[in-house]
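Now for the letters of each chain:
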Amino acid sequence: MNILSLQNADLSNKTVFLRCDINSPINPHDLSILDKSRLIEVSNTIRKLNNCKLVVASHQGRLGNSDYISMNQHAIALSELLDRTVKFVPDIIGPTVITEIQNMDNGDILLLDNLRFLAEENSEMSPEHAVNSHLVKKLSPYFDVCVLDAFSTSHRSHPSIVGFAELMPAYAGTIVEGEVKALQNIVQNPDMKFTAILGGAKIPDRLKSIQKLINAGRIEKTLLGGLIGNTFLAASEQVPLSSTSIDDKNSIKTAKSLLEQYPDKFILAEDVAVEVDRKRTEKKLVDVDASDKIFDIGAMTIQNFSQQIDHAENIFITGPLGMFENQEFRLGTVEILNKLANSNAKTITSGGHLSAVLEQLQLKDKIYHVSTAGGALIRYLTGEELPLLQALNNSATRYNQR
Ligand code: 3PG
């Protein structure tokens, strides 16, 4: 793939638009940021953009969810990480932002508000349409170049991802460049197959991704935990529906049809951990009651998954296997990550949650590739062309020819 790299670019004195992804897990009770992995990562890109006027933008959460919030605490966190002022502007395309940009000096950094507060940033559109979005029309006259570093949003064809790159040189940020470097060979080798370990919560997205990975011939086996695992347990009717906390009938239907279509591809938990008197209690599936709530995989399942890991050459893991924020229910996630770190398999981990746990366990260095991207990474591994990477490729072709 062809990209304009920051490594040989001098963007001094330019006004730069940096589209990153600092969409972070948010505590639903006090709305604080739970995990700063993505902020830490993007700080490295920002450090490379020193002597310019830097306008940073990202989305946070999804419309209707409790994590769909403003970005002021992201600016505070970035300022702390960089030891430089990152000024938050509670606006995206209004007169306040324009005035702020016009008054910037080299070395200044602005963080715009949550891009998804603009309706158009919640819908997919072609680059040609994105050029005419409010965001790109209003702000592009003030920018000389853009830097695209939102690898974890590279599967979304949103104006901030594909629009600016039509009008100005688009450079790859260090995250995007690192991901492409680490994964390009794998993506371009269609014979490479994975044992996938899927956990986490974004259920409809995960279901689509599994289907895509299987259709792309990439999957040997899929080991399931977390809420996605509960969806499959619900679909297999081995435990009472209420114990899974899954009420999305469509997802259960999709999981059921995947189990019917590909019976050999899925390995479900055979025992689980439920909460009794606020403590972890492990049960075989047949013993789970309607009043139980499943929060983790159990010891037999951990052992079974570990044996699968022993036989795998390549592993892709996304999302925690249980409610890891609660000490009682982090065992499954921790044990499997430990096993992966000490196995011979080439492992790719996906998503901020796993990256944070690996950091806590000091295991990052023992993993082949740790990515904070989730859905985008899965789509990349299927071999799909991602809008952000296409935008970078087109820009490199356009500007290298001049
Ligand atoms: C992610 O966390 O996967 C990215 O930030 C993309 O978010 P989205 O799935 O809401 O588009």
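Residues numbered from 1 in each chain as written. Predicted model: local features only at pLDDT ≥ 70, side-chain atom pairs only at ≥ 80, totals over all residues. Heavy atoms only, no water.

**Q** Give me the domain arrangement of the chain: which residues, what numbers.
**A** Partitioning the chain into domains gives domain 1 (4-180 + 384-400) and domain 2 (189-371). Between the C-alpha centres of domain 1 and domain 2 there is a distance of 32 Å. Across the interface of domain 1 and domain 2, roughly 650 Å² is buried in total on both sides, 36% from carbon and sulfur atoms. The largest contributions to the domain 1 side of the interface with domain 2 come from Asp35, Arg62 and Glu179, which together make up 46% of the buried area. Counting every contact that joins domain 1 to domain 2 gives 3 salt bridges. For Glu384, the salt bridge goes to Lys212, with nearest N and O atoms at 3.1 Å. (Domains from an automatic or database assignment. Buried area = accessible area lost by both parts, 1.4 Å probe. Salt bridge = Lys/Arg side-chain N within 4 Å of Asp/Glu carboxyl O.)

**Q** Any chance you could break down the sheet that holds strand β8 (residues 194-198) for me, citing the residues and the numbers?
**A** Strand order in the open sheet formed by 6 strands is β10-β9-β8-β14-β15-β16, with parallel pairing between adjacent strands. Either end of the sheet is taken by a strand with one partner, and the two such strands are β10 (266-267) and β16 (369-371). Inspection of the sheet shows β8 paired to strand β14 (residues 314-318) by 4 bridges, in the parallel sense. Residue pairing in the sheet places Leu198 in a bridge with Thr318 of β14. (Pairing = 2+ DSSP bridges. Helix = DSSP H or I, 4+ residues; strand = E, 2+ residues; numbered from the N terminus.)

**Q** Give a description of the packing of aromatic side chains that names residues and reports values.
**A** To describe a pair of aromatic rings, you give the distance between the ring centres and the angle between the ring planes. This structure, assessed with the given rule, holds 7 aromatic pairs. Between the aromatic rings of Tyr68 and Phe117, the centroid separation amounts to 5.3 Å while the plane-to-plane angle is 75°, which identifies the pairing as edge-to-face. With Tyr68 in the loop between β3 (53-57) and α2 (72-82) and Phe117 in the loop between β5 (109-111) and α4 (127-130), the pair connects residues that are 49 residues apart, well separated along the chain. Taken together, the ring pairs connect Phe17, Phe143 and Phe164 into an aromatic cluster. Here Lys346 stacks its cationic end above the ring of Tyr368, 4.6 Å away from the centre of that ring. (Phe/Tyr/Trp six-rings, centres within 6.5 Å; stacked < 30°, edge-to-face > 60°. Lys NZ or Arg CZ within 6 Å of the ring centre and 35° of its normal.)

**Q** Describe in detail the nonpolar core, supporting the description with residues and values.
**A** Membership of the largest hydrophobic core comes to 134 residues, with the highest contact counts inside it found for Leu139, Phe232, Phe266 and Ile336. The element contributing the most residues to this core is helix α7 (residues 174-187), with 7 residues. Residue contributions to this core reach at least three from each of two domains, namely domain 1 (4-180 + 384-400) and domain 2 (189-371). Discounting residues that sit within four places of it in the chain, Leu139 has contacts with Ile92, Ile93, Val97, Ile98, Ile101, Leu112 and Phe164. (Core = buried A, V, L, I, M, F, W, Y, C linked by side-chain atoms within 4.5 Å. Buried < 20%, exposed > 50% of the residue type's maximum accessible area, 1.4 Å probe, protein only. Contact = heavy atoms within 4.5 Å.)

**Q** Tell me about the site of the ligand, and name the residues and values.
**A** The local shell around the ligand consists of Asp21, Asn23, Arg38, His59, Arg62, Arg116, Ser152, Thr153, Arg156 and Lys202. Contact distances for the ligand include 2.6 Å between an oxygen atom and a side-chain N or O atom of Arg156. Relative to its unbound accessible surface of 310 Å², the ligand loses 93% to contact with the protein. Class assignment of the residues belonging to the shell around the ligand gives a composition of no nonpolar, 4 polar and 6 charged. (Near = heavy atom within 4 Å. Polar contact = N/O pair within 3.5 Å; in protein donor to acceptor, adjacent residues only side chain to side chain. Areas by Shrake-Rupley, 256 points an atom, 1.4 Å probe, with all protein chains shown as cover. Nonpolar A, V, L, I, M, F, W, Y, C, P; charged D, E, K, R; others polar.)

**Q** Outline α2, supporting the account with residue identities and numerical values.
**A** Buried within α2 we find His74, Ala75, Ala77, Leu78, Ser79 and Leu82. Lining the buried residues of α2 we find α1 (37-48), β4 (87-88) and β5. Taken from the residues just after α2, Asp83 is the one with a positive phi, measuring 60°.

**Q** So what about the packing of helix α8 (residues 203-215) against helix α11 (residues 249-261)? Which residues, and what values?
**A** Closest axis-to-axis distance for the α8/α11 pair is 10 Å, and the angle between their directions is 20°. In terms of orientation, α8 and α11 fall into the roughly parallel class. Relative to α11, α8 is oriented so that their crossing is left-handed. The segment α8 lies against α11, with Ile203, Pro204, Leu207 and Gln211 engaging Ser251, Thr254, Ala255, Leu258 and Gln261. (Axes fitted to C-alpha atoms, helices over the stretch in contact; angles between N-to-C directions. Parallel < 35°, antiparallel > 145°, perpendicular 65-115°, else oblique. Left-handed = near helix turned anticlockwise from the far one by under 90°.)

**Q** Kindly report on helix α16 (residues 387-400), identifying the contributing residues and their values.
**A** An ideal rise of 1.5 Å per residue puts 20 Å on 14 residues; α16 measures up with 20 Å between its terminal C-alpha atoms. Among the residues of α16, Pro387, Leu388, Leu389, Ala391, Leu392, Ser395 and Ala396 are the ones counted as buried. (Expected span 1.5 Å × (residues − 1).)

**Q** Lay out unusual backbone geometry with the relevant residues and their values.
**A** Positive phi values are uncommon outside glycine, yet Asp83 reaches one of about 60°. Overall, Asp83 belongs to the exposed group, its relative accessible area being 70%. Positive phi, close to 50°, is recorded for Asp277, a residue that is not glycine. Considering the arrangement of structural elements, one finds Asp277 in the loop between β11 (271-276) and β12 (279-284).

**Q** Tell me about the sheet that holds strand β7 (residues 170-172), residues and numbers included.
**A** The sheet built from 7 strands is open, its strands ordered β1-β7-β6-β2-β3-β5-β4 with parallel pairing. Each edge of the sheet is formed by a strand with only one pairing partner; in this case those strands are β1 (4-5) and β4. Looking at chain direction, strand β2 (residues 15-19) and strand β6 (residues 145-148) are connected through 4 bridges and run parallel. Residue Phe17 lies in a different strand from β6, and its bridge partner there is Cys146.

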